[in-house]
Each structure stands twice: as C-alpha cells, then as structure tokens.
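# Results of the structural survey
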Amino acid sequence: MQYALRVLEVVRSLGRGLEAEIIGRQLFRAGASVAANYRAACRARSRKELVAKMGIVEEEADESLFWLEFLVKSGRLAEAKLRPLMAEGSEIVAIAVSSKRTARAK
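Quick look at the structure, then. (Residues numbered from 1 in each chain as written. Predicted model: local features only at pLDDT ≥ 70, side-chain atom pairs only at ≥ 80, totals over all residues. Heavy atoms only, no water.)

Let us look at the packing of helix α2 (residues 18–42) against helix α3 (residues 47–73). Contact pair α2 / α3: the axes reach a minimum separation of 8 Å and the direction vectors enclose 155°. Between α2 and α3, the angle falls in the class roughly antiparallel. In this structure, the crossing between α2 and α3 has a hand that is left-handed. Residues belonging to the contact of α2 with α3 are distributed by class as follows: 16 nonpolar, five polar and four charged. (Axes fitted to C-alpha atoms, helices over the stretch in contact; angles between N-to-C directions. Helix = DSSP H or I, 4+ residues; strand = E, 2+ residues; numbered from the N terminus. Parallel < 35°, antiparallel > 145°, perpendicular 65-115°, else oblique. Left-handed = near helix turned anticlockwise from the far one by under 90°. Nonpolar A, V, L, I, M, F, W, Y, C, P; charged D, E, K, R; others polar.)

Now for the pattern of salt bridges. Oppositely charged side chains can form a pair if their charged atoms are brought close together. Evaluated as defined, the whole model comprises seven salt bridges. Residues Glu 19 and Arg 76 are paired through a salt bridge, measuring 3.1 Å at the closest nitrogen-oxygen approach. Taken together, the residues span a long stretch of sequence, with Glu 19 in helix α2 and Arg 76 in the loop between α3 and α4 (79–105) at a distance of 57 residues. Salt-bridge contacts for Lys 100 lead to Glu 58; the nearest nitrogen and oxygen are separated by 2.5 Å. Residue Lys 100 is located in helix α4, and its partner Glu 58 is located in helix α3; the two are separated by 42 residues in the primary sequence. Looking at Lys 100, the relative accessible area reads 13%, which means it is buried. Each of Arg 29, Glu 60 and Glu 63 takes part in one network of salt bridges that share partners. (Salt bridge = Lys/Arg side-chain N within 4 Å of Asp/Glu carboxyl O. Buried < 20%, exposed > 50% of the residue type's maximum accessible area, 1.4 Å probe, protein only.)

Here we come to the environment of Ile 92. Inspection of the secondary structure puts Ile 92 in helix α4. If near-sequence neighbours (up to four positions away) are discounted, Ile 92 is found in contact with Tyr 3, Val 34, Val 57 and Ala 61. (Contact = heavy atoms within 4.5 Å.)

In this section: α3. For α3, built from 27 residues, the straight-helix expectation of 39 Å at 1.5 Å per residue is met to within 8% by its first-to-last C-alpha distance of 39 Å. Just downstream of α3 lies Gly 75, where phi reads positive at about 80°. (Expected span 1.5 Å × (residues − 1).)

Reported here for the largest pocket is a volume of approximately 300 Å³. What lines the largest pocket is a set of 17 residues, among which Met 1, Tyr 3, Val 34, Ala 35 and Tyr 38 lie closest to the centre. At the level of secondary structure, the elements contributing two or more residues to the lining of the largest pocket comprise α1 (2–13), α2, α3 and α4. In terms of residue count, the dominant contributor to the lining of the largest pocket is α2 (six residues). Here the lining of the largest pocket is composed, by residue class, of 13 nonpolar, one polar and three charged. (1 Å grid on protein atoms, 1.4 Å probe; cavity = no way out; pocket = protein on both sides within 12 Å on 5 of 7 lines; lining within 4 Å. Points joined across faces, edges and corners; volume = space filled by probe spheres on them.)

Next up, the structure:
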C-alpha cells in the first residue's frame, strides 16, 4: 500500500490538464493495482492462485515503471524526483518474479 500511496503523490504533483489527467490515471491505476493484487496474493487459496496474483503484481508494477519512465522521457518530471519510486517499482517486479518461481518450485 505504501507504494500505491507514493504513486498517488506523484499523480497529484502532475497538476491539471488533459495530458496530466490521462497519464496520471494510467499510472495510478497500475500503482494501486500492485497493492491490491499483492494483498490478494497474500490471501491466495492455492499455489496456483498465488502464482497468478503475483503475475498480475509483476505486470502492474512493470506498467507503473513504464509510466514513471514516460514522465521522465517526456520532460514532465525530473528523474531525480522519481528515481526512488522507480527503484522501488523495480524491486517489486523482482520480488514478484522470485515469489512466482518459489511457489512453482514447491
């Protein structure tokens, strides 16, 4: 949930306008989905369900990374401002991949 809250801070910093609204909506949707699907994975009823939910966490974390990178490449936000959040997103992707591998191996 902390990741989603930090993503929300970035979205709020985008300001107003069509461009900011579209990018912000996409980024927040992906970032909030990371938290929601991780929570669902923690309550998985089976190993198969855990792997599936962690797959969604991986995809959504990667998508949020895309939007963060897009904000930097488009010049809307400075990379220095987003670097910690991007690092956290990359860590979440790595954790999801590792969790899926571990769950499949058991």
